[in-house]
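Structural features, examined
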Amino acid sequence: SLGPAPKWCGFLDNLTEELEENIIENVYDDYKFVTRQELEDLGLGHLIGCIPTVFRVVKFVAGGPHMAEVVFLQCDRFVEFHSAGGRYYRLRIPKFGRDMQYHAPSTDLFLVGATSEIYRLNLERGQFLSPFMSEGSELNSIAINPVHQLICVGTIEGKVEAWDPRMKVKAGTLDCAFNCISNERDTVLEGFPSISSLNFNGPLTLGVGTHTGQILLYDIQLIPRARQCLHP
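Everything quoted here is computed from the prediction, not taken from an experiment.

Criteria and thresholds
- Residues numbered from 1 in each chain as written.
- Predicted model: local features only at pLDDT ≥ 70, side-chain atom pairs only at ≥ 80, totals over all residues.
- Heavy atoms only, no water.
- Salt bridge = Lys/Arg side-chain N within 4 Å of Asp/Glu carboxyl O.
- Buried < 20%, exposed > 50% of the residue type's maximum accessible area, 1.4 Å probe, protein only.
- Helix = DSSP H or I, 4+ residues; strand = E, 2+ residues; numbered from the N terminus.
- Polar contact = N/O pair within 3.5 Å; in protein donor to acceptor, adjacent residues only side chain to side chain.

1. Things to note about the pattern of salt bridges
Applying the stated criterion across every chain, the model contains 8 salt bridges. For Arg 87, the salt bridge is made with Glu 80, and the minimal N-O distance between the two is 3.2 Å. According to the relative accessible area criterion, Arg 87 is partly exposed, its value standing at 23%. Taking the relative accessible area as the measure of exposure, Glu 80 reaches 6% and is therefore buried. Note that Glu 80 is salt-bridged to Arg 90, the shortest N-O span being 2.8 Å. Taken together, the positions of Glu 80 in strand β3 (residues 78-83) and Arg 90 in strand β4 (residues 86-92) put the pair 10 residues apart, joining distant regions of the chain. A network of salt bridges, in which partner residues are shared, links Asp 76, Glu 80, Arg 87 and Arg 90.

Rendered as structure tokens:
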């Protein structure tokens, strides 16, 4: 007998009874091995060479001619490079990644995550370069302005740091958490407003999302002024 299920998962009682009554020796009795040609006929040629274990993709970036090259950031710290023929390279970063962006002028792939370092993987040279050192303990998001190439990263402390990729120095810091708290004096925030998302709209407008549901719109020429709305 499998015994009673714990109180916190009482729904398993019925499941254990079913397993005792209906013993199934082989669940997958109709499986088969597929060949390379069969995968290609099904349009699944990109899976050739992939490890069968499924890992959650945290972020992906597409590029190249006809968007035929894709980079996947996975939850197990691996970064995979895929082309039309499937995966052709795989590497691992030191800390768990949360976001990444490709900087075309320098061919650098910027990765951020559970660390204060902003990793720089140069795809032309095929090696890691010296990382940018952020003042935040962990970084949740990164965005690159497509016009002037300013790099912004969001920290769990509720700040946005702007970096100049040409000089490789920090250009400034924006305290978004302070703006959230000061603008919501009559509202009780559920948690700390860490930065969860960043996105540029044109050369001057920066959108900032927080874990507590605020959306802040900044004109980088008029910082620290901001327009704020609450996400439903």
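So much for the structure itself; the text now carries on.
2. Re the environment of Thr 212
In this structure, Thr 212 sits in the loop between β14 (205-210) and β15 (214-219). Classification of Thr 212 by relative accessible area gives buried; the value is 15%. Taking the C-alpha atoms as reference points, Thr 212 and Gly 191, separated by 21 residues in sequence, lie 6.4 Å from one another. Among the polar contacts made by the side chain of Thr 212, one reaches the side chain of Thr 210 at a distance of 3.2 Å. In terms of polar contacts, Thr 212 uses its side chain to reach the side chain of Gln 214, at 2.4 Å.

Function cannot be read off these values alone, since they describe shape.
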